[in-house]
Amino acid sequence: MREHDLRDQLAANLEILEPRLRLVRTEARLVAQDGRTGRVDILGRDRHDNIVIIEVKRSNKAAREAAHEVFKYTEILCREQGHPPERIRVMIASTEWAELDLSYSGYAGLTGFDLRGYHLQLDETGNTLTGAKPVTLKGPARKVEPSDIHLTFVFKTETDRNEGWTKLQDRSQNYGAPNLLAFDFTTDDERALGPYLLYVVIGSIDPNAPFTDRILPAHPEDETDFRDREHFLQYWLVARLLPDITMPSGWDASHPKQFFQMLAGRSMWRFEERVRCSGTFSLQDHIFGVRDWVALVTVKSGLEQTTFFASATPSQRTAWTAFKQRISMAMGTNPDWCNLVAQALQRIEDEHPEADVEIEILNPTDLVGVLLGSWPDQVQLYEPQLSIRVSNPDVDPHVIRGALVGPAGKIDFLSRFRMVYRDPFAWIAARASDAVESVDLELLEAMELRYVLLEYTANPDLQLYMHYIDGDQPRVRVASPVPEPRGQLQLLAAASLSDFLEAHQHQVDLLVNEYRASLGIERP
């Protein structure tokens, strides 16, 4: 049966779709103001006199066009002819739904119109319409995400690592939990058990998947140690996997923060820019790059609040809006930078709408942790840092840098510090209660440290602008730069964090040594 024959049979029997549905006309012509036209297969009215657009399809190839066509028709009726959207209904009637099902469900979730789908039934000859069955919308797809359950495996050779990955995939598949991510690292450090490391992230596990019941213990009382944990099935999967797999070298449990430390080069391991994936993750492998996989783990684990890198252009509105939202989330624990960066991005959007913008952020929000891990020689590597690079074909590249700066003069460093953290265990308590970010803001205020953005301009003379927040208000200081960077900040009555700490070196030494001794932390 040809499509127009199917349309005519349906038009003569509209009540198989809905009682008291009546025909207005077939091939109803709609004309947009710009001259575009469209023909609605069947235009009808329901028992409440609402307009009903019925699109009829006979094949999978034609079905793929249905969502696009009904979107065009409803736009013409609403936007250009003034019909209220609540008075317009849409029905898609097709003999084939294999290609249409997903787009139909997606369109139904986005549109404000009443949208219905019907699977048309034909007799054995395929020439006579016999009925129609309502199509159920697909529910949201079960999203596969990385969990916070991480493992590391060390190997003597690259071949061993490849074989280990194959074993992990096979065993996890047997337990109905195939979703794994793995990141390759290497080292030259002789202290390591081997030079090759496989960093494995356990993904989501569908409790209703086949074989998943094999993960759980035979005796329900054995579940009690894990049942209350967030990643209950992942814990049991690890407990099942490890006895099944004999690795040439060692394994260890890991966690997202260690993953970040390794990616940032703060361990003996170097990331090889290689990612392996299995299960549902492998379906994305052809479109995901290394940065996408890393972001998937760091965003899910909340690590974007520590380190963040992304790029976008204001000319791509949807991506630009999402870019700004991600930045805001990444700096949620740092309100000053959050406000200053939002203002900077708005200036870029207004002045350079075609520019490419890259932003990189290191936002530890824990000054004590930075000092314990980096003082005295590596503070510049781990202190808060931010850069916004603006590239535009019409202008020279422009960079805005973020920093944590202090006063140019000296303060009573120890006394002010102890106003916030009276001893090392007060800091440990803040970390244990997830309050360290808010307490860190109190500490910075006591030490007269503030987050700023530093921006150079050459209009008309080379100048340095320091943007900062005073109370709730954005402020700016301007200086004519001098060749030596340290002098530039001095002209703004400020000092870099490294210079500020060096000016109080003796007191910082006393403080850091006290904390390291009390907490058993070795000097890096």
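Before reading on, note that the structure itself is shown above.
Residues numbered from 1 in each chain as written. Predicted model: local features only at pLDDT ≥ 70, side-chain atom pairs only at ≥ 80, totals over all residues. Heavy atoms only, no water.

## What to know about the overall build of the chain
Consideration 1: Per the secondary structure count, the chain includes 19 helices and 19 strands.
Consideration 2: In the chain, buried positions account for 45% of the 524 residues.
Consideration 3: At a minimum sequence separation of 6, the contacts of the chain that also span at least 24 residues come to 67%.
Consideration 4: For the chain, the exposed surface amounts to about 27100 Å²; the carbon and sulfur share of it is 48%. (Helix = DSSP H or I, 4+ residues; strand = E, 2+ residues; numbered from the N terminus. Buried < 20%, exposed > 50% of the residue type's maximum accessible area, 1.4 Å probe, protein only. Contact = heavy atoms within 4.5 Å. Areas by Shrake-Rupley, 256 points an atom, 1.4 Å probe, with all protein chains shown as cover.)

## Comments concerning the environment of Cys338
Consideration 1: With respect to the helices and strands, the residue Cys338 is situated in helix H11 (residues 335-351).
Consideration 2: For Cys338 and Ser328, which are 10 residues apart along the polypeptide, the C-alpha to C-alpha distance reads 5.9 Å.
Consideration 3: When neighbours within four sequence positions are excluded, Cys338 is seen to be in contact with Ser328 and Met331.

## Focus on helix H14 (residues 413-420)
In an α-helix, one full turn covers 3.6 residues, which means residues spaced three or four apart are oriented alike.
Consideration 1: By the burial criterion, the buried members of H14 are Phe413, Leu414, Phe417 and Val420. All buried residues of H14 fall inside an arc of 120° around its axis, so they share one side.
Consideration 2: The inward-facing, buried residues of H14 contact helix H12 (367-374), helix H16 (436-446), helix H18 (497-503) and helix H19 (505-519). (Arc of directions from axis to C-beta.)

## Concerning the environment of Ile149
Consideration 1: Tracing the sequence through the fold places Ile149 in strand E7 (residues 146-155).
Consideration 2: A relative accessible area of 10% means that Ile149 is categorised as buried.
Consideration 3: Separated by 89 residues in sequence, Ile149 and Val238 place their C-alpha atoms 8.7 Å apart.

## Describing the packing of H14 against H16
Consideration 1: For the pair H14 and H16, the least separation of the axes is 9 Å and the interaxial angle reads 155°. Viewed along their axes, H14 and H16 adopt a mutual orientation that is roughly antiparallel. As H14 packs across H16, the resulting crossing turns out to be right-handed. The residues of H16 that touch H14, namely those facing Arg416, Phe417 and Val420, are Val439, Glu442, Leu443 and Ala446.
Consideration 2: Its residues assigned to classes, the contact of H14 with H16 comprises 5 nonpolar, no polar and 2 charged. (Axes fitted to C-alpha atoms, helices over the stretch in contact; angles between N-to-C directions. Parallel < 35°, antiparallel > 145°, perpendicular 65-115°, else oblique. Left-handed = near helix turned anticlockwise from the far one by under 90°. Nonpolar A, V, L, I, M, F, W, Y, C, P; charged D, E, K, R; others polar.)

## A few points about the environment of Gly38
Consideration 1: Tracing the sequence through the fold places Gly38 in strand E2 (residues 37-45).
Consideration 2: Residue Gly38 is classed as buried on the basis of its relative accessible area, which comes to 5%.
Consideration 3: Considering only alpha carbons, one finds Gly38 and Glu27, 11 residues apart in sequence, at a separation of 8.9 Å.
Consideration 4: Setting aside chain neighbours within four positions, we find Gly38 in contact with Ala28, Arg29, Leu30, Lys72 and Tyr73.

## Brief notes about the pattern of salt bridges
When the charged atoms of two side chains lie near each other, side chains of opposite charge can form a pair.
Consideration 1: With the rule as written, the count across this model stands at 28 salt bridges.
Consideration 2: Arg270 serves as the salt-bridge partner of Asp188, at 3.4 Å between the closest nitrogen and oxygen. Here the residue Asp188 occupies a position in the loop between strand E8 (180-186) and strand E9 (196-203), and Arg270 occupies one in strand E11 (residues 270-278), the gap between them amounting to 82 residues.
Consideration 3: For Arg270, a relative accessible area of 41% gives the class partly exposed.
Consideration 4: Of the charged contacts in the structure, one is a salt bridge between Arg431 and Asp366, with a shortest N-O distance of 2.8 Å. Taken together, the positions of Arg431 in helix H15 (residues 424-432) and Asp366 in the loop between strand E13 (356-362) and H12 put the pair 65 residues apart, joining distant regions of the chain.
Consideration 5: Under the relative-accessibility criterion, Arg431 is labelled partly exposed at 37%.
Consideration 6: Counted as one network, the salt bridges with shared partners bring together Glu18, Asp46, Arg47, Arg89, Asp114 and Arg116. (Salt bridge = Lys/Arg side-chain N within 4 Å of Asp/Glu carboxyl O.)

## A few points about the packing of aromatic side chains
Consideration 1: One pass over the structure, following the stated rule, counts 12 aromatic pairs.
Consideration 2: Ring geometry for Phe281 against Trp293: centres 6.1 Å apart, planes inclined by 90°, an arrangement best described as edge-to-face. In this pair, Phe281 is assigned in the loop between E11 and helix H9 (290-300) and Trp293 in helix H9, connecting sequence segments 12 residues apart. In this structure, Phe281 and Trp293 share a single accessibility class: buried.
Consideration 3: With a centroid separation of 6.4 Å and an interplanar angle of 15°, the aromatic rings of Phe413 and Phe417 are classed as stacked. Of this pair, Phe413 and Phe417 both sit in helix H14, separated by 4 residues, roughly a single helical turn. You'll find Phe413 and Phe417 in the same group, each marked buried.
Consideration 4: Taken together, Phe183, Phe185, Tyr199, Phe259 and Phe271 form an aromatic cluster joined through their ring pairs.
Consideration 5: Above the ring of Tyr468, the side-chain terminus of Arg477 is found at 5.0 Å from the ring centroid. (Phe/Tyr/Trp six-rings, centres within 6.5 Å; stacked < 30°, edge-to-face > 60°. Lys NZ or Arg CZ within 6 Å of the ring centre and 35° of its normal.)

## Describing the side chain of Thr187
Consideration 1: With respect to the helices, strands and loops of the structure, Thr187 is situated in the loop between E8 and E9.
Consideration 2: Polar contacts involving the side chain of Thr187 include one to the main-chain amide nitrogen of Asp189, which spans 3.0 Å.
Consideration 3: Here Met268 takes part through its backbone oxygen, which lies 2.7 Å from a polar atom of the side chain of Thr187.
Consideration 4: Residues contacting Thr187, with those up to four places away along its chain left out, are Ala192, Gly194, Pro195, Met268, Trp269 and Arg270. (Polar contact = N/O pair within 3.5 Å; in protein donor to acceptor, adjacent residues only side chain to side chain.)

## Here we look at the sheet that holds strand E5 (residues 114-122)
Consideration 1: The strand order across the open sheet built from 6 strands is E1-E2-E3-E4-E5-E6, with neighbouring strands paired in mixed fashion. The open sheet is flanked by strand E1 (22-31) and strand E6 (129-134), the only strands paired with a single partner. Mean inter-strand twist for the sheet, computed between neighbouring axes without regard to direction, equals 35°.
Consideration 2: As judged from the 8 bridges shared by E1 and E2, these two strands associate in the antiparallel manner. Each bridged residue has a counterpart across the sheet, and for Arg22 the counterpart in E2 is Arg45.
Consideration 3: Each of E1, E2, strand E3 (51-57), strand E4 (88-94), E5 and E6 touches helix H1 (residues 3-11); the most contacted strand, E3, lies at about 145° to it. (Pairing = 2+ DSSP bridges.)

## Observations regarding the nonpolar core
Consideration 1: Of all hydrophobic cores here, the largest spans 56 residues; its most connected members are Phe323, Ile327, Val341, Ile388, Tyr421 and Leu501.
Consideration 2: Take this core: its biggest share by element is 7 residues, from H11.
Consideration 3: Apart from residues lying up to four places away in sequence, Ile327 is in contact with Phe308, Val341, Leu345, Ile359 and Ile361.
Consideration 4: By size, the runner-up hydrophobic cluster in this structure holds 21 residues, among which are Phe153, Ala182, Leu198 and Leu242. (Core = buried A, V, L, I, M, F, W, Y, C linked by side-chain atoms within 4.5 Å.)

## What to know about the sheet that holds strand E10 (residues 251-254)
Consideration 1: Here 5 strands make up an open sheet; going across it, the order is E10-E7-E9-E8-E11 and the pairing antiparallel. Each end of this open sheet is capped by a strand with a single partner; those strands are E10 and E11. If you compare each strand with its neighbour and ignore which way they point, the axes differ by 20° on average.
Consideration 2: On top of the sheet, helix H5 (residues 158-174) reaches E7, E8, E9 and E11; it is set at about 30° to E11, its chief contact.
Consideration 3: Strands E7, E8, E9, E10 and E11 of the sheet are contacted by helix H8 (residues 256-263), whose axis makes an angle of about 140° with E9.

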